[in-house]
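# Survey of secondary and tertiary structure
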Amino acid sequence: MKDIAQQTDAVKAMMTWDPPVYGQFGMKPELVNYASEDERLWVPIEPNVWYRPLFFDMTTGSHCEILRVKRGGILSRHRHPTPVHGFVIKGEWRYLEHSWTAKAGSHVYEPPGEEHTLTCDNDDEMQTFFFIDGPVLYVDENDVVTYVEDNLGLIRQCREHFAANGLGADFVDALIR
Ligand code: FE
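As a further point, take the pattern of salt bridges. Summed over all chains, the structure comprises 11 salt bridges. Across the salt bridge formed by R77 and D143, the nearest N and O atoms sit 3.1 Å from each other. Placement of R77 in strand β6 (residues 74-79) and of D143 in the loop between β13 (136-139) and β14 (145-149) is noted, with a sequence separation of 66 residues between them. R77 gets classed as partly exposed once you look at its relative accessible area, which sits at 25%. Several salt bridges share partner residues, and in doing so they unite R77, R79, E97, E115 and D143 into one network.

Here we come to the layout of surface pockets. In this structure, the largest pocket occupies an estimated 210 Å³ of space. Residue composition of the lining of the largest pocket, by class: four nonpolar, two polar and five charged. In this structure, the second largest pocket is lined by I45, E46, L75, Y138, Y147, E149, G153, R156, Q157 and E160. Those elements giving two or more residues to the lining of the second largest pocket turn out to be β3 (43-46), β14 and α2 (151-165). Element by element, the count of residues in the lining of the second largest pocket is highest for α2, at four residues.

The next point concerns the pairing of β14. Relative to β14, β13 runs antiparallel, the two sharing four bridges. Bridging from a neighbouring strand, Y138 pairs with Y147 of β14. Linking β13 back to β14 in an antiparallel pair, the connection comprises five residues, with D143 at a positive phi of about 65 degrees.

Tallying each qualifying case throughout the model produces one cavity of 30 Å³ or more. Quantified by volume, the largest cavity comes out at close to 160 Å³. Contributing to the lining of the largest cavity are 18 residues, with E65, L75, H78, I132 and Y138 lying nearest its centre. Put simply, the parts of the chain that give the lining of the largest cavity at least two residues each are β5 (63-69), β6, β11 (115-119), β12 (126-132) and β13. Taken together, the residues of the lining of the largest cavity sort by class into 12 nonpolar, three polar and three charged.

Basis of the calculations
- Residues numbered from 1 in each chain as written.
- Predicted model: local features only at pLDDT ≥ 70, side-chain atom pairs only at ≥ 80, totals over all residues.
- Heavy atoms only, no water.
- Salt bridge = Lys/Arg side-chain N within 4 Å of Asp/Glu carboxyl O.
- Helix = DSSP H or I, 4+ residues; strand = E, 2+ residues; numbered from the N terminus.
- Buried < 20%, exposed > 50% of the residue type's maximum accessible area, 1.4 Å probe, protein only.
- 1 Å grid on protein atoms, 1.4 Å probe; cavity = no way out; pocket = protein on both sides within 12 Å on 5 of 7 lines; lining within 4 Å.
- Points joined across faces, edges and corners; volume = space filled by probe spheres on them.
- Nonpolar A, V, L, I, M, F, W, Y, C, P; charged D, E, K, R; others polar.
- Pairing = 2+ DSSP bridges.

Okay, here's the thing in structure tokens:
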């Protein structure tokens, strides 16, 4: 990972970090992701569905992201073998499998084994911070796993996206600890 001083101005407008206080004990650098209007940060995954990667933990396999969904977008049915925490930043959304709607300010906890399909019904886009403590298993209509999304796959996807839009493939490296 480059030192923050070696990063481009575009990167420094989006994130920063200071050196570890106890770096001599192998402590990792902190990470601050700023709010940004730069559309290049959003990685498209399905029609009207994007995520902004925030953090990849290569020790535990967890990651943090902001999910963005506009009206009609559907994040395909998937299962979480590990816990998930979500906090709705703006807008609202629901799961096809559940009775409730998550609105701005809501915290959502999803236990291991939770399986769902996310959608947004409103003209106002939703943005939700998610901490996902492991891989995501995409399933078909018979609950058969069709794709395993782990940090390696997400990072590969981000590298391709950022390489294509000018931020550079190594942009995502700064998000990895
Ligand atoms: Fe989920």
